[in-house]
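Chain by chain, the residues run as shown.
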Amino acid sequence: MTAQQLLVRELQQVLREGRVLDGAQHEYLHDATLQRGIIGSADAIAFPTSTAGVARLVEWCYRHDVPMVPRGGGTGFAGGAVPVEGGVVVALEGMHDVRSFEPWAWRLEADAGVTTARVRALARQSGLLFPPDPGAAEQSQIGGNIATNAGGPHAFKYGVTGSWVTGIEAVLPQGQVVTFGGRVRKDATTLNVPGLLTGSEGTLGIITAAWLRLIPAPEAVVLVLAAYEDVTSGCRAVQAVIENGLVPSALEYLDAGALAAVARTCPIELPPTAAFVIIAEADGTTDAATALARELSDVLADDAVVLEQISATEAASLWRWRDTVSHAVTTQRGGKLSEDVVVPVERLAEAIEGTLAIGERFDLSACSWGHAGDGNLHSSFLVAVDDEKERLRGESAVTEMAKLAVSLGGAISGEHGVGLLKREHLPLQVGTAEIDVLRSIKAALDPHGLMNPCKKLPSSQAREVVDRPTG
Ligand SMILES: Cc1cc2nc3c(=O)[nH]c(=O)nc-3n(C[C@H](O)[C@H](O)[C@H](O)COP(=O)(O)OP(=O)(O)OC[C@H]3O[C@@H](n4cnc5c(N)ncnc54)[C@H](O)[C@@H]3O)c2cc1C
């Protein structure tokens, strides 16, 4: 029997439940970064079905010096769930119970492996809303959403996943089961440990369950689509929405390159001069949504070459169209390297133009789209996947993009996290003292560095200084 077979047999005995497979399960060795060539290797894939099972597994792995990688739906864009040091992938998909759902109190407690779409659907069936709406909701899991602090279009009004978590149950790296927070809507008792685990990308422990806050679903949704001939007027319109105190539930944009990839399928006819599109969503009671849509239309009208209000019935098809952008851009050259940077909203135009300039510098087609109201861009550089030189130029371009974001007063990740891909970019944004704090927290919980190694923190402290704006 090989060492790997022995490990699988041992883990099965430790787990007592669920399955343990050997490490040769391709689909558990990568996430959504596969097209960037990111694939790992593992000794075993474990599928616990209870918190007690996770705790037994983790405790055993820690005692035997075996690295562990928590895995949700595997839709991450940062390589966070990719096992890079071997060891055990802990797949949470077998933990898929909704532990409690009390619609009258707007709250739900779910195992970490429940999908985002299921939480949203359950809420909807009771007239409620779980606002976080990251794009791969059918596959992504609540545990993964919390671990990445996922966003999505509606984060502009409603905030990112962490805003909807009131409590977390987790298994810490050495196997202790802890619960912080719970069904109460506020709790000032302890340090904000749920906040610490939120966005920790599986480096501080395995989230096994969460208490989620819901709200009554808005009665109506009205969309406004506006198109402009250039980035400057489009971004001016985004800023005008904010300056006028309007609060759309989503405020999205597509630049000319992103638009070119999907213009043919747009449900609204766009003139060839359209080079920047804004989608703004108004929600609330029917009267409030209608009134807000009217105000949005007034503000977005300046310089617009198209301005249309879209009713609730057509809104779904426009959102479906918006969801196709990432895939359509990818298919143009077979692959893309995307950054998920965020800048202060008043610097959005510079970041969008900067994306194009960087693309030009590295001889790559480039475009961006994203959550305009949040200043969050998905800046993308198109590459042919089998062209190694082009791919390397793409890697340089995304590094330049990270530098640009920081120099504009922004951050290297708005919502996808750092994972494996951006760990070496962290010192562009975060100073040595701050990295030391992060390392101390990691060391306090995981002194042997076995929980999701090589993620979130840089491998060295080499600091590349980027001039940040002052004031
Ligand atoms: C088509 C598409 C559209 C997307 N759109 C968006 C978007 O709009 N907004 C957005 O923010 N993201 C988006 N994403 C990225 C991705 O869906 C999110 O990051 C999501 O939150 C990842 O969840 P997951 O369950 O797939 O996690 P995984 O990919 O499995 O893991 C992500 C990270 O979380 C850790 N992790 C997973 N589960 C746990 C757990 N239970 N405990 C501890 N750590 C855990 C992993 O170790 C890893 O570091 C999109 C991805 C795709 C493919």
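This text goes with the structure placed above it.
Quick look at the structure, then. (Residues numbered from 1 in each chain as written. Predicted model: local features only at pLDDT ≥ 70, side-chain atom pairs only at ≥ 80, totals over all residues. Heavy atoms only, no water.)

### With respect to helix α11 (residues 325-333)
And then number 1: Every buried residue of α11 is accounted for by V325, A328, V329 and T330.
And then number 2: Packed against the buried residues of α11 are β13 (250-255), α8 (256-262), α10 (312-323), β16 (335-342), β17 (366-371) and β18 (376-383).
And then number 3: One or two positions beyond α11, positive phi appears at G334, with a value near 95 degrees. (Buried < 20%, exposed > 50% of the residue type's maximum accessible area, 1.4 Å probe, protein only. Helix = DSSP H or I, 4+ residues; strand = E, 2+ residues; numbered from the N terminus. Contact = heavy atoms within 4.5 Å.)

### Thoughts on the pattern of salt bridges
A side chain of one charge can pair with a side chain of the opposite charge if their charged atoms are brought near each other.
And then number 1: Here the structure, examined in full by the defined rule, presents 22 salt bridges.
And then number 2: Overlapping salt bridges, with partners in common, bring together R36, E388, R391 and E395 in one network. (Salt bridge = Lys/Arg side-chain N within 4 Å of Asp/Glu carboxyl O.)

### A look at the layout of surface pockets
And then number 1: Quantified by volume, the second largest pocket comes out at close to 560 Å³.
And then number 2: Around the second largest pocket, the lining comprises 29 residues; the ones closest to its centre are G199, E201, V418, L438 and K456.
And then number 3: At the level of secondary structure, the elements contributing two or more residues to the lining of the second largest pocket comprise α4 (142-148), α6 (193-197), α14 (426-429) and α15 (432-445).
And then number 4: Top element by residues in the lining of the second largest pocket is α15. It accounts for 3 residues.
And then number 5: Grouping the amino acids of the lining of the second largest pocket by side-chain chemistry returns 12 nonpolar, 12 polar and 5 charged. (1 Å grid on protein atoms, 1.4 Å probe; cavity = no way out; pocket = protein on both sides within 12 Å on 5 of 7 lines; lining within 4 Å. Points joined across faces, edges and corners; volume = space filled by probe spheres on them. Nonpolar A, V, L, I, M, F, W, Y, C, P; charged D, E, K, R; others polar.)

### Quick notes on the side chain of S413
And then number 1: Within the secondary structure layout, S413 lies in the loop between α13 (388-407) and α14.
And then number 2: Within the local environment of S413, its side chain forms a polar contact with the backbone nitrogen of H416, the two atoms lying 3.3 Å apart.
And then number 3: In this structure S413 touches D340, V342 and K422, once residues within four positions along its chain are discounted. (Polar contact = N/O pair within 3.5 Å; in protein donor to acceptor, adjacent residues only side chain to side chain.)

### Points about the nonpolar core
And then number 1: Residues L11, M68, V88 and L212 are the most contacted members of the largest nonpolar core, which totals 53 residues.
And then number 2: For this core, the leading source of residues is helix α2 (residues 51-63), giving 7 residues.
And then number 3: If we skip the residues at most four places from it in the chain, V88 touches L11, A44, A46, C61, V66, P67, M68 and V69.
And then number 4: A226, A237, L348 and L408 belong to the second-largest nonpolar core, a separate cluster that totals 45 residues. (Core = buried A, V, L, I, M, F, W, Y, C linked by side-chain atoms within 4.5 Å.)

### Here's the deal with the site of the ligand
And then number 1: Residues in contact with the ligand amount to 34 residues; listed here are only the nearest, P70, G72, G73, T75 and G76.
And then number 2: At 3.2 Å from an oxygen atom of the ligand is found a main-chain nitrogen or oxygen belonging to G80.
And then number 3: Q141 is positioned with one of its backbone polar atoms (N or O) 2.9 Å from an oxygen atom of the ligand.
And then number 4: In isolation the ligand exposes 970 Å². Once the protein is present, 91% of that is buried.
And then number 5: Secondary structure elements with two or more residues in the shell around the ligand: β3 (68-71), α4 and β10 (206-213).
And then number 6: Ranked by residue count, the leading element in the shell around the ligand is α4, at 5 residues. (Near = heavy atom within 4 Å. Areas by Shrake-Rupley, 256 points an atom, 1.4 Å probe, with all protein chains shown as cover.)

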